[in-house]
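# Descriptive structure summary
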Amino acid sequence: MESTLSSILTLVIIAEFVIGNLSNGFIVLINCIDWVSKRQLSSVDKILICLAISRIGLIWEILVSWFLALHYLAIFVSGTGLRIMIFSWVVSNHFSLWLATILSIFYLLKIASFSSPAFLYLKWRVNQVILMILLGTLVFLFLNLIQINIHIKDWLDRYERNTIWNFSMSGLPTFSVPVKFTMTMFSLTPFTVALISFLLLSFSLWKHLQKMQLNYKGHRDPRTKAHINALKIVISFLLLYASFFLCILISWISELYQNTLIHMLCQTIGVFYPSSHSFLLILGNPKLRQASLLVAAKVWAKH
């Protein structure tokens, strides 16, 4: 039963891997083609390219870790191999999460309308703000890697003190608990920032609709549409990442209780976040949506 379920989940992981690479690769390809043809690229397109590349890296890392954990566990937990796999996951997940958060901040500063001098100052310097936030997140990444490396070193030292190196799955939870706790804590900050962006966008939309009612104008004006499209993108990210975050927590608990099936199921569900969110980004971006429709039309015409 466990072997059958493992095979099914492996097929699901592979399918999510293919879908994620296609969707994120499409975002990179279309924007790069546009960059070459127009010799310039908007800020949002630059963010989307970096986000798509980080998600491709994250999806590849998850797939490699999956097969190593299933078939080559001894290699997976070797000192060098362990650091490479965990560090690559932390780095790719860090940029995937923070770039999506930066995209939320970009929409907030570009679309929302507040009279606060501080907000207007940031709004007029949106590109500099985005760059500073991205550089500032490197501090979080550096601290995260240092903390995780300490956990890895302590865990390896305990096994190296044994006369015989004899790794078993029973030793993995004691290592993964502090590591996952550290990664979870560092993931809360960007998620909170994205949530605040969503709330401010919602408040800005409410204020705008109130103004439209006073001026006897319709609710489907360009600014309202921009607010709604941005809110859809931000809330889809929040919901998908919340499910991803929940899967990490449940996976963490399942490791404590040695429940391999629940752990594998949570990992499989978690991959849905970096694979599916890119499709929503394509649908929410006019240029990408139009390009995807053209590709779909050509494929349909061939059949």
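Each value, and the rule that gives it
- Residues numbered from 1 in each chain as written.
- Predicted model: local features only at pLDDT ≥ 70, side-chain atom pairs only at ≥ 80, totals over all residues.
- Heavy atoms only, no water.
- pLDDT = per-residue confidence, 0-100.
- Contact = heavy atoms within 4.5 Å.
- Axes fitted to C-alpha atoms, helices over the stretch in contact; angles between N-to-C directions.
- Helix = DSSP H or I, 4+ residues; strand = E, 2+ residues; numbered from the N terminus.
- Parallel < 35°, antiparallel > 145°, perpendicular 65-115°, else oblique.
- Left-handed = near helix turned anticlockwise from the far one by under 90°.
- Nonpolar A, V, L, I, M, F, W, Y, C, P; charged D, E, K, R; others polar.
- Expected span 1.5 Å × (residues − 1).
- Buried < 20%, exposed > 50% of the residue type's maximum accessible area, 1.4 Å probe, protein only.
- Core = buried A, V, L, I, M, F, W, Y, C linked by side-chain atoms within 4.5 Å.
- 1 Å grid on protein atoms, 1.4 Å probe; cavity = no way out; pocket = protein on both sides within 12 Å on 5 of 7 lines; lining within 4 Å.
- Points joined across faces, edges and corners; volume = space filled by probe spheres on them.
- Salt bridge = Lys/Arg side-chain N within 4 Å of Asp/Glu carboxyl O.

Below, the discussion takes up the confidence of the model for the protein. In this model, the protein carries an average pLDDT of 80, and 82% of its residues clear a pLDDT of 70 or more. Low pLDDT (under 50) marks residues 163–171, which in the prediction has 14 contacts with non-local residues, meaning those over four places away or in another chain.

This part takes up the packing of helix α2 (residues 43–71) against helix α10 (residues 272–284). One way to put it is that α2 packs onto α10 with a least axis distance of 10 Å and a crossing angle of 155 degrees. Classified by the interaxial angle, the pair formed by α2 and α10 is roughly antiparallel. When the axes of α2 and α10 are compared, the crossing they make is left-handed. Of the residues in α10, those touching α2 at L48, L51, R55, L58 and I59 are Y273, P274, S275, H277, S278 and L281. Considering only residue class, the contact of α2 with α10 consists of seven nonpolar, three polar and one charged.

Relative to the assigned elements, W124 resides in helix α5 (residues 117–124). Considered as a pair, W124 and K110 are 14 residues apart in the sequence and their alpha carbons are 8.9 Å apart.

Turning next to α10. Residues that lie three or four places apart on an α-helix share one face, since the helix turns once every 3.6 residues. Relative to the 18 Å expected for 13 residues at 1.5 Å per residue, α10 spans 18 Å between its end C-alpha atoms, a close match to the ideal helical length. Those residues of α10 not exposed but buried are Y273, P274, S275, S276, H277, S278, L281 and I282.

A few words now on the nonpolar core. In this structure, L103, Y107, L201 and F237 are the most contacted members of the largest nonpolar core, which totals 65 residues. Elements represented by at least two residues in this core include exactly α1 (2–38), α2, α4 (79–111), α6 (126–160), α7 (172–214), α8 (222–256), α10 and α11 (286–302). Considering every element that reaches this core, the biggest residue donor is α4, with 15 residues. The contact partners of L201, leaving out residues within four places of it in the chain, are Y107, L108, I111, A112, H227, A230, L231 and V234.

Going through the model one piece at a time under the given rule, you end up with two cavities of 30 Å³ or more. By volume, the largest cavity is sized at about 100 Å³. Lining the largest cavity are 12 residues; nearest its centre among them are N93, H94, N144, F186 and S187. Breaking the lining of the largest cavity down by element, the ones donating at least two residues are α4, α6 and α7. Per-element tally for the lining of the largest cavity: the top contributor is α4, with six residues. Partitioning the lining of the largest cavity into residue classes produces eight nonpolar, four polar and no charged. What lines the second largest cavity is simply A100, L103, S104, I233, V234, F237 and H277.

What follows concerns the pattern of salt bridges. Evaluation of the coordinates by the stated rule reveals three salt bridges. Residue D34 is joined to K38 by a salt bridge in which the shortest nitrogen-to-oxygen separation is 3.4 Å. Taken together, the residues span about one helical turn, with D34 and K38 both in helix α1 at a distance of four residues. In this structure, D34 engages K287 in a salt bridge whose closest nitrogen and oxygen atoms are separated by 3.1 Å. Remark: K287 occurs in helix α11 and D34 occurs in helix α1; sequence separation between them is 253 residues. For D34, a relative accessible area of 13% translates into the label buried. Since its relative accessible area comes to 24%, K287 is described here as partly exposed. Overlapping salt bridges, with partners in common, bring together D34, K38, D45 and K287 in one network.

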